[in-house]
Structures are given as structure tokens and as C-alpha cells.
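Summary of the model geometry
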Amino acid sequence: MAQSPTIAIPKKSTDEVDWTGPIRAIIKASYGENPDNYATECAALQRCRQDAVRGAGSDLTAASLLTKYFGQLELLELRFSEIRVSFPWRDAFTSKLTTQTSIAFEKASIIYQIAATHSIIASAQNRSDPEGLKRAYYYFRTCAGMLTYINDNFLHAPSTDLSREVVKFLVGIMMAQANETFYETCVDQRKSPALIAKIASHTTFLYNGLCEEVKEFFGKGIFDRNWVTLLQIKAKYFTSLMQYQRSLADTAAGKHGEALARMGVAESNAKEAHKLSSSFAPYFVNTLSTTLPADTGTAILELTKNHLALCTEKYTQGQKDNDLIYNDHVPSEATLSPVDKVSAVTPVPIHEVYGTPEVQKTIGPDLFAKLIPLSVHEAASVYSEEKAKIVRAEVEKAEVAEGEVKASVESLGVKAALGRYKEIAEGEVDESVPATVLSWHEEIQRKQGVDGLEKQLKELEKLKETVARELDAISESLAVESRECEMMRVKFGHRWTQEPSGGPVKDLRRDLKDHRSSLEAAAPSDQQIYTLWDSIRADLALLVSKPKLEAMFASAATGGNAAGDLLDVSEGDTDDADREKMKKLVREIEERLGRLNKISRERNEILKDLKEKVQNDDVSHVLLLNRRNAGVEPSLFATELEKFRPYQSRLAATTHAQQTTIQEIAHMWKSLKDKGGKNKGAKKWEERERRVMA
């Protein structure tokens, strides 16, 4: 079955444009940079326009090339708003050449080209395929959105195709055709006849409005005459469809008289549509109407013919059924209530089209991204300082928080004494050698023990004796040399020309004296080392032997009595219930200490993420977009800085959690000390420590 033909918008045409010269002049005059550094960017922009307006066809590739060029025009205008380039464009309807130097004219023309391309894509779709129907519906709406943008943003159009009246009429055509495709979608999806009738009613309203509106252009030679005829045919055709669908709905509702009357009206309008099609088809020539499909004449004729046959069949059958079965009153056409309209189709705004990731990818990066105006640089510098303030404040808070937790834990003495209470709660004192003492033992072992230290002290004494002998020898050599020099001078008199040795060796004697003084000054320090060594030699000898250490700590733990027990229940020590409470407190304190470490790690991670976010944040593009809006920077900065608010909130949450945890530790620690300090086990622990230290 043939599909209803649709109208496509004719495209404009243009000539070559020179972007390079004006851009180079502005770069040199306004930016103070070498234009040669941007030769590649200028060439890329030149190619971008050529691809968009000269080499493009009327398919999706053409639409992408035009979309890319318009996106680059938007970015270009931010840096070169004052640029003046001659843009020649021929009118799509009159072919009249119009040349203007405003970049706004170029943008409006490109948007028009995009709209025309979208209308061609929509008209070329096979709407018998659901995907083709969906694409046609979308592109008719985007075309309407593009044209609406022209009327809303570009005043005083210099050409007919961009005038408000013409653009408004083109928007009406696209919206009527979008409603038509929506009607076809509902029919394919087998929606209820009542709903389909309302959609057809709105489509009829749009086509009737276009038929009235087009009268204003009669005699001006703007639009193709075949457009007018096709709009008139569709106005009658959809009036028939509206009544036909409403008749089906009335039949289903049991209103057989109204259904028969509406079917009669549908047949009447179908006859008028078919009559217009019969007159239109023989004279339609595609070469004279390139904006219409090649089969427009035959397609609309077949469409109206089939619909007329369907209406006639339904009307004849309805008359028979009413005469033989229902005998319902058939109202006149004038008394029939109007069919309600449903306006479910809207244009797709241009910002929705350009806001999709696919389109942004098509546009690509800003060709002149490296060229930043001085005002934008200054604003970006101010914004960077605002970011730095946030980072500095959060780092300072984090450092204060770390200091607080360290000071709090140290002041409570939790880490140093928690092990003691843990062993008291377990009912035993650990007889093993403490880790600290073991570390001393291992360190001495690495230094070769007592023998190694004594060997080093002996080597030190030998070095002192060697240095003293060498200094004495040097001193003696200098004295001998001086005596011999003077003896030879006495012997040979004026014939002895050697200079007296006192002057040349003056520096040597001074250095010799300094070294001897240093050696003598070191003697008291050496003596202190020997004295200290004598005092700790026995302790070090004990630390060298691990078995002796283990025996000493085991003896200290039992107080010298192997039969003794740290927790002697018979002597009234802590009972099992108290020990369980102490165990619970110890576990909870350990859990809180672990939580503090976790909070610290989390805080550091958040700070790291915040710094990375600040480092990678670049608002130059946003500042560039708003550079012509005076006084917008404070509010813009406030909005942009909000992106760091989640990090600040998370850091504040860690500080609050830390304070709560410290308070819990302090409370638990007080309870643990109260319970652990009143029993015999704690006293024996203290006695053990005194004995070991002694």
C-alpha cells in the first residue's frame, strides 16, 4: 500500500567563504599572538564549512556535517564575536543572492540547512516499517524545532526563506506531517478508534490552518503550487479519517445513528479528496517539484481511492444494519458534535538535539580551545584561588583532626596500657618476653653482641694511639727541619738562600695544634663511653641471652613462686563476671581504635579525591560561554564550587564520627580502669613491672 507523500523543505546554496584572513587579523590585533600558530585550526574550520555546505548531500552524513559546523560556529562566536566575513547565501525559494558579514546570518542559514536536511530525511523514510515511521516522526519534529529557533533568535531576516512568515508556515507543515506520522503510529499499534479520531481531528485542524495560511502567499511565487494542492487534499483526507474513526468508536459504543451519520460525512470528504487527487495526479511532474516524492501523484491518488472505497463499503453496510437491525435515528451533519482534538506532538528544541552525547561527539573539541581571552584567564585565576581556599581549609581541618585523635589517645594512655588490662581480663600475666625487649635483643645480636661492642671500643683506643703517634711524628719532623735549616744558614751564611721554615709551615703548625686539641677534647667523651659501658655491660650480657631473658620474665611474672597465680580466687580476686565485663570493654576499645584508624584512612582518601577533582576542574569553557554577561562571575563561581560540596560533607562526617569515637573510648577506658585497678591482678602486674625494671 502506498504511503502518504510528505513535503520536504528546499535547501539554500552558497559560495566559498574565507575564514582564515579575518581570524588571523583578530588573533594578531586582539589576542597579541602569532596567527601562524593557528594555521591548522583555521584550515580545519575552512574544511568544516566546505564539507557542510558544498560536499554534503541530504542524508544523515550531511546532517552530521552541518551539525558539526554549527557547533563550531557557536564556539567561534564566543572568541570572535566582532568578526566580519562575507557570507553569500542564495534564497531557497527565490534563488536571490544575499551577502552579509554577520556571523548570525551564517548561523541562521546553517540551522535552516539542518532543518531542510532533517525534513528530507523524514520524507524519505519507509513508514510501513516501524523504525522508519519512528525516524520520520523524530526528524519532522527536530525540523520544526530548528525552524522555531530561527524565528525566536534571529530578527530582521534579510532573505525570504528566513522571514518570520515563511518560517512559521514551514513549521506548520512539519508539525502537521509529524502529527500525520503519529496518527499512522497509533493505527499500527491498534489504539482505540476514539483516541485515533482525536489525533486525526488535530491533524485535520493543522492542515486546514495551512490551507488558510497559504492564501497569504498567493501571487508571490514563493511556494510550489503542488504544495498547496497536496495540503488541500490532506485537509479533506484527514477530515474523512477523523469522521471514519469516530464512526467506528460510536459503533462500538452502541450509537449506531451517529456512527452512520459520521460515516456518511467521511465518505463525502473522501470523495472530495479523491476528486482533488484525480485532478492533481496527471499533471504532477517530479522534476518541477523536487521537494516532493517522485510518486506523489500516484501515491495520493491510490491512498484516497482506497479510503473512499472503504468508506463507501462501511457506509453501505451501516445503512443496511440500521434499516434491518437498529432503526436508530440518523442525525444530520450539522447536528453532529465536533470531534475533540488531542495535541500530543511538540517540536524537539534545538538544545535537546545538541545536548545529546552523540551530537557533542560529532561536533568534537573546540578548534580554537587554546585561544583563551585575557578576561577568561583572569576569571579562571580567581576561580582557582577559590578552589585553593577550599583545599587549604579542608587540609587544615584534617591536620587538626589527626592531632586531636593522637593527643586524645596518648593522654588517655590507652595504647600503652590496654595490653595489661587485656591480660588481667584473661586471668593471666604473659610470661613471655615483651616485644620491646626482644627488639633490643635482636638489635644487639645484629651488632655482634657484647664481644662486638668491646671489639669496637678496643679499635677506637688503637685509633686514638695511632693518631697521637702520627701527630707527634709530624711535630718532630717539623722541628728537625727547622733546626737543620738554621744550622745550614749559620754554616754557609749569605750563600744559604732557603727561606726560613717558620713562615711556610705556619699553617701546618696551626692545623697540627688544632688536631691535637681536638684529640685531647675527645678524651673526656671517650672516658664517659667507657664508664657507661662498664655500667651496662652486665645488662647487655643478659639481653644477649634469650633463655636468660625468658627465665627472668617468667620469674617476675610469678613473683618467684611458681605455685602462685595472678588471679587467686580464694583470696577474693575478680570473679568471672567482672572478667567478662573487662574482656568486653577491651574488645570494644580495640574496635574503636581500629575505627579511628579506618576514619583516618578514609579522610586521607577523600582529601586525595578532592585534590584530584580540584586539579582536573577546568571552567574556562563555562567562563567563555558567559564572558559577555556582566557580573555573573560570583554566582557562576558559587554554582561551580558546589561540585566540591559532597567531598566537604564527607570530610565533616569523618570528623564528627572521630569525635564520637574518642568520647566512647574515653568512657569505656574509665570503666575499664575502674574495674581493672581494684583487683589483685593489677597490683601483681605493677609489682612485676617494678621487679623487671629493677
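All of the points below concern the structure found in this document. If you're wondering where the values come from, they're calculated on a predicted model, not measured in any experiment.

A word on the packing of aromatic side chains. A complete count under the given rule lists 20 aromatic pairs for this structure. A ring pair is formed by Phe93 and Phe223, whose centres lie 5.2 Å apart and whose planes are at 80°; its orientation type is edge-to-face. Of the two residues, Phe93 is situated in the loop between strand 2 (87-90) and strand 3 (97-100) and Phe223 in the loop between helix 7 (193-213) and helix 8 (225-252); the sequence distance between them amounts to 130 residues. Taking relative accessible area as the criterion, Phe93 reaches 15% and is therefore assigned buried. Overall, the relative accessible area of 13% leaves Phe223 in the buried class. Arranged with centres 5.5 Å apart and planes meeting at 80°, the rings of Tyr237 and Phe238 form a pair that is edge-to-face. Aromatic ring contacts, followed pair by pair, group Phe93, Phe169, Phe217, Phe223 and Trp227 into a single cluster. Its end group placed over the ring of Tyr112, Lys12 keeps NZ or CZ at 5.9 Å from the ring centre. In this structure, Lys341 packs its charged tip against the face of Phe205, placed 5.2 Å from the ring centre.

Another aspect to go through is the side chain of Lys107. Structurally, the position occupied by Lys107 is in helix 4 (residues 103-123). The contacts of Lys107, once residues within four sequence positions are left out, are Phe70, Leu73, Glu74, Glu77 and Phe154.

The next point concerns the nonpolar core. Ranked by size, the top nonpolar core spans 99 residues in total, and within it Trp19, Ile23, Phe80, Tyr112 and Leu147 carry the most contacts. With 12 residues, the top contributor of residues to this core is helix 6 (residues 164-188). The contact partners of Phe80, leaving out residues within four places of it in the chain, are Ile23, Ile26, Ile27, Tyr31, Phe368 and Leu371.

Before going further, it helps to spend a moment on a nonpolar patch on the surface. Together, Leu324, Ile325 and Tyr326 line one region of the surface with nonpolar side chains, adding up to about 360 Å² of accessible area. Following the sequence through the fold, Tyr326 ends up in helix 10 (residues 296-326). A relative accessible area of 38% places Tyr326 in the partly exposed class.

Read across the sheet, three strands follow the order 1-2-3 without closing on themselves; strand pairing throughout is antiparallel. The sheet is open, and its two borders are formed by strand 1 (13-14) and strand 3, each paired with just one other strand. Alignment of strand 2 against strand 3, held across four bridges, turns out to be antiparallel. Each residue of the ladder has a partner; that of Arg90, found in strand 3, is Leu97. Seen against the sheet, helix 4 touches strand 2 and strand 3 and runs at an angle of roughly 35° to strand 2.

The set of residues buried in helix 21 (residues 633-641) consists of Leu636, Phe637, Glu640 and Leu641. Viewed along the axis of helix 21, the buried residues span an arc of 125°, placing them on a single side of the element. Of the exposed residues in helix 21, the ones pointing more than 90 degrees away from its buried face are Pro634 and Thr639.

Right, let's get into the pattern of salt bridges. According to the stated counting rule, one finds 33 salt bridges in the structure shown. Taking the shortest distance from any N to any O, the salt bridge between Asp250 and Arg262 comes out at 3.2 Å. Taken together, the residues span a long stretch of sequence, with Asp250 in helix 8 and Arg262 in helix 9 (residues 256-280) at a distance of 12 residues. What makes Asp250 buried here is its relative accessible area of 3%. Three or more residues are tied together by salt bridges with common partners; here these are Lys387, Asp617, Glu640 and Lys643.

Tracing the chain through its elements places Gln243 in helix 8. Only 3.0 Å separates the side chain of Gln243 from the side chain of Arg262, close enough to count as a polar contact. When neighbours within four sequence positions are excluded, Gln243 is seen to be in contact with Arg262, Val265, Ala266 and Val339.

Quick look at the pairing of strand 2 now. Taken together, the two bridges between strand 1 and strand 2 define a ladder with antiparallel strand orientation. Along strand 2, the bridge assignment pairs Thr14 with Trp89. Linking two consecutive strands that pair antiparallel, namely strand 2 and strand 3, is a turn of six residues; a positive phi of about 65° is found at Ser95 within it.

Tracing the sequence through the fold places Pro193 in helix 7. In sequence terms Pro193 and Ala252 are 59 residues apart; their C-alpha atoms lie 9.1 Å from each other. Other than its neighbours up to four places away in sequence, Pro193 contacts Gln245, Leu248 and Ala249.

Relative to the elements of secondary structure, Thr239 occurs in helix 8. For Thr239, a relative accessible area of 14% gives the class buried. For the pair Thr239 and Ala197, spaced 42 residues apart in sequence, the C-alpha separation works out to 9.7 Å. Excluding its chain neighbours within four sequence positions, the residues that come into contact with Thr239 are Thr204, Asn208 and Asn269.

Another aspect to go through is the environment of Ile233. Of note, Ile233 is situated in helix 8. As for Ile233 and Ala273, which are separated by 40 residues in sequence, their C-alpha atoms are 5.1 Å apart. Ile233 has contacts with Ala273, Leu276, Ser277, Phe280, Ile300 and Thr304, leaving out every residue within four places of it along the chain.

Two packed helices can be described by the angle between their axes and the distance between those axes. Across the interface, helix 6 lies against helix 7 with an axial gap of 9 Å and an inter-helix angle of 155°. When the interaxial angle is binned, helix 6 and helix 7 end up roughly antiparallel. Between helix 6 and helix 7 lies a crossing whose hand is left-handed.

Here helix 7 crosses helix 8 at 160°, and the two axes come no closer than 8 Å. Considered as vectors, helix 7 and helix 8 are oriented roughly antiparallel to each other. You can see that helix 7 and helix 8 cross each other, and the crossing is left-handed. Note on element contacts: helix 8 touches helix 7 through Leu231, Gln232, Lys234, Ala235, Phe238, Thr239, Leu241, Met242, Gln245, Arg246, Leu248 and Ala249, opposite Pro193, Ala194, Ile196, Ala197, Ala200, Ser201, Thr203, Thr204, Tyr207, Asn208, Leu210 and Cys211. Across the contact of helix 7 with helix 8, the residue classes break down as 15 nonpolar, seven polar and two charged.

Quick look at unusual backbone geometry now. Residue His156 is not a glycine yet carries a positive backbone phi of 55°. His156 sits in the exposed class, given a relative accessible area of 78%. One non-glycine residue with positive phi stands out, namely Arg190, at about 55°. Inspection of the secondary structure assignment puts Arg190 in the loop between helix 6 and helix 7.

Cut-off values and rules
- Residues numbered from 1 in each chain as written.
- Predicted model: local features only at pLDDT ≥ 70, side-chain atom pairs only at ≥ 80, totals over all residues.
- Heavy atoms only, no water.
- Phe/Tyr/Trp six-rings, centres within 6.5 Å; stacked < 30°, edge-to-face > 60°.
- Helix = DSSP H or I, 4+ residues; strand = E, 2+ residues; numbered from the N terminus.
- Buried < 20%, exposed > 50% of the residue type's maximum accessible area, 1.4 Å probe, protein only.
- Lys NZ or Arg CZ within 6 Å of the ring centre and 35° of its normal.
- Contact = heavy atoms within 4.5 Å.
- Core = buried A, V, L, I, M, F, W, Y, C linked by side-chain atoms within 4.5 Å.
- Patch = residues over 30% accessible without salt bridge, like charges linked within 9 Å, V, L, I, M, F, W, Y side chains within 5 Å.
- Areas by Shrake-Rupley, 256 points an atom, 1.4 Å probe, with all protein chains shown as cover.
- Salt bridge = Lys/Arg side-chain N within 4 Å of Asp/Glu carboxyl O.
- Pairing = 2+ DSSP bridges.
- Axes fitted to C-alpha atoms, helices over the stretch in contact; angles between N-to-C directions.
- Arc of directions from axis to C-beta.
- Polar contact = N/O pair within 3.5 Å; in protein donor to acceptor, adjacent residues only side chain to side chain.
- Parallel < 35°, antiparallel > 145°, perpendicular 65-115°, else oblique.
- Left-handed = near helix turned anticlockwise from the far one by under 90°.
- Nonpolar A, V, L, I, M, F, W, Y, C, P; charged D, E, K, R; others polar.

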